[in-house]
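Here is what each chain is made of, one letter per residue.
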Amino acid sequence: MGFLGDFCDDVARSIGFLSRIPMPARHFVGYDGRLNRAVRAFPLAGIVIVLPAAAAASAMIALQVSSLFAAFVVVALQALLTGALHEDGLGDTADGFGGGRDRDAALAIMKDSRIGTYAAVALILSFGLRVSALASILPLFTPLGAGMAVLGAAALSRAAMVWHWSSLPPARSGGVAASAGEPDPGASRFALAFGLLATMLLFYFAKVPALGLIATLGAFFTAVKGFGRLAAAKIGGHTGDTIGATQQLTEIAVLGALALTV
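Just so it is clear, the model here is predicted, and its values are computed rather than measured.

Thresholds applied
- Residues take numbers from 1 onward in each chain, read along the sequence in its written order.
- Restriction of local features to residues with pLDDT of at least 70 applies here, the model being predicted, together with a cutoff of 80 or more for giving and counting side-chain atom pairs; totals for whole chains, interfaces and linings are based on all residues.
- Think of the side-chain values as coming from all heavy atoms in the structure, minus any hydrogens and water.
- Pairing of aromatic rings covers Phe, Tyr and the six-membered ring of Trp, with a centre-to-centre limit of 6.5 Å; geometry is then stacked below 30 degrees between planes, edge-to-face above 60, and tilted otherwise.
- Here a helix means four or more residues in a row that DSSP labels H or I, a strand means two or more in a row labelled E, and each is numbered from the N terminus.
- Relative accessibility thresholds used throughout: buried, under 20% of the residue-type maximum; exposed, over 50%; partly exposed, between the two (1.4 Å probe, protein chains only).
- Any Lys NZ or Arg CZ that is within 6 Å of a ring centre and within 35 degrees of that ring's normal is treated as a charge sitting over the ring.
- Only protein atoms enter the 1 Å grid, on which a cavity is a set of points fitting a 1.4 Å probe that cannot get out and a pocket is an open set with protein on both sides within 12 Å along at least 5 of 7 lines, lining residues being those with an atom within 4 Å of a point.
- Grid points are joined across faces, edges and corners, and a volume is the space filled by probe spheres set on the points.
- An expected span of 1.5 Å times one less than the residue number is assigned to each helix.
- For our purposes a nonpolar core is just a set of buried Ala, Val, Leu, Ile, Met, Phe, Trp, Tyr and Cys residues, chained together by side-chain atoms within 4.5 Å.
- Note on contacts: a residue pair is in contact if any heavy atoms of the two residues lie within 4.5 Å.

A.B. asks: How would you sum up the packing of aromatic side chains? Please name residues and give values.
C.D. replies: Under the definition given, this model contains eleven aromatic pairs. On the basis of an interplanar angle of 50 degrees and a centroid distance of 6.2 Å, the ring pair of Phe42 and Trp165 is categorised as tilted. Taken as a pair, Phe42 in helix 2 (residues 42-62) and Trp165 in helix 7 (residues 143-167) lie far apart in primary sequence, 123 residues in all. Relative accessible area serves as the criterion here: at 0%, Phe42 is assigned to the buried category. Where Phe220 meets Phe221, the ring centres are 5.0 Å apart and the plane angle is 65 degrees; that geometry is what we call edge-to-face. The ring centre of Phe127 lies 4.9 Å from the NZ or CZ of Arg130, which sits over that ring.

Right, dumping it as structure tokens:
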């Protein structure tokens, strides 16, 4: 099929895995559900998934809609398109890490679908921090730049998922992450390189200042490395929930860095 055909399949499979957006069936012929290679397309899949939210941001800034309202719409659209997949991971992780006395207790809590106190607080803070950061930065961009800033955060946060996934061992033998397989080293490197390059290009054309670019990269590496160490200490590796939580924490860190420097 060739590189381009394989990559198109990987993009479709990644979008199908990371969102509720339906993909053509031809991309899933003979597909066993594993994502070893497909993770290389996660950053591009993130851009595609968040494109409607970015378009909404551009349109509302052009129409001079309240930046707070625009920020809520952007975050709400993302949650709708992903089925709140990443928010679910953040909530379960917060409950497990906050309420688990040890590794086994934390993993058992993370498998429980009920929302506890730690999850509720984490989700409130996640939505609040992202909305407030977007509300502060969207009016500072042109309409096109506002959309590009949203897309840049989407690409970088999906690259962070692959980094977290590939840098830690599975914390349990079952679960979504384990069944999807371990990312191939080459696919992980491609995802990280593509995510960083795409984000820098999007931010460059959005006219993010140099300090903003530096702060964004610092926030990205700090969030991924810091949370990775916490996950290793708490449960000894990654799960599907911690991969989703990585996306949320990275997006918060990136948008927060932009809010402080743009």
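A.B. asks: Can you break down empty space enclosed by the protein residue by residue, with the values?
C.D. replies: Tallied over the full model, the rule gives three cavities of 30 Å³ or more. There is about 50 Å³ of room inside the largest cavity. As for the largest cavity, its lining consists of Gln78, Ala79, Thr82, His86, Glu87, Arg130, Arg158, Gln247, Gln248 and Glu251. Of all the secondary structure elements, the ones that give two or more residues to the lining of the largest cavity are helix 3 (67-82), helix 4 (85-99) and helix 11 (240-261).

A.B. asks: How would you sum up helix 4? Please name residues and give values.
C.D. replies: In a regular helix each residue adds 1.5 Å, so 15 residues correspond to 21 Å; helix 4 covers 21 Å between its end C-alpha atoms and thus fits that length. The element helix 4 is extensively covered by neighbouring structure, given that eleven of its 15 residues are classed as buried. Among all positions in helix 4, only His86, Glu87, Gly89, Leu90, Gly91, Asp92, Thr93, Ala94, Asp95, Gly96 and Phe97 are buried.

A.B. asks: Provide a residue-level description of the nonpolar core, including the pertinent values.
C.D. replies: If you look at the biggest cluster of nonpolar residues, it comprises 41 residues, and the most contacted ones within it are Leu134, Leu138, Phe141, Val150, Phe203 and Val208. Put simply, the parts of the chain that give this core at least two residues each are helix 2, helix 3, helix 6 (117-137), helix 7, helix 9 (185-205), helix 10 (210-235) and helix 11. The greatest single-element share of this core, amounting to eleven residues, is contributed by helix 7. In this structure Phe141 touches Ile61, Ala146, Ala149, Ala206, Val208 and Val262, once residues within four positions along its chain are discounted. Val11, Ala38, Met161 and Ala177 belong to the second-largest nonpolar core, a separate cluster that totals 20 residues.

A.B. asks: Break down helix 10 for me, with residues and values.
C.D. replies: Counted at 1.5 Å a residue, the expected span for helix 10 with its 26 residues is 38 Å, and the 37 Å between its end C-alpha atoms agrees. Within helix 10, burial applies to Gly212, Leu213, Thr216, Ala219, Phe220, Ala223, Val224, Phe227, Gly228, Ala231 and Ile235. If you follow the buried residues of helix 10, they end up packed against helix 4, helix 5 (103-111), helix 7, helix 9 and helix 11. Where helix 10 ends, the next residue or the one after it, Gly236, has phi of about 80 degrees, a positive value.

A.B. asks: Hey, could you go over the environment of Glu251 for me, with residue numbers and the actual values?
C.D. replies: Following the sequence through the fold, Glu251 ends up in helix 11. Using a relative accessible area of 2% as the deciding quantity, one classes Glu251 as buried. Expressed as a C-alpha distance, the spacing of Glu251 and Ala25, which sit 226 residues apart in the sequence, is 31 Å. For Glu251, the residues in contact, after removing those within four places along its chain, are Gln78, Arg130, Ser157 and Arg158.

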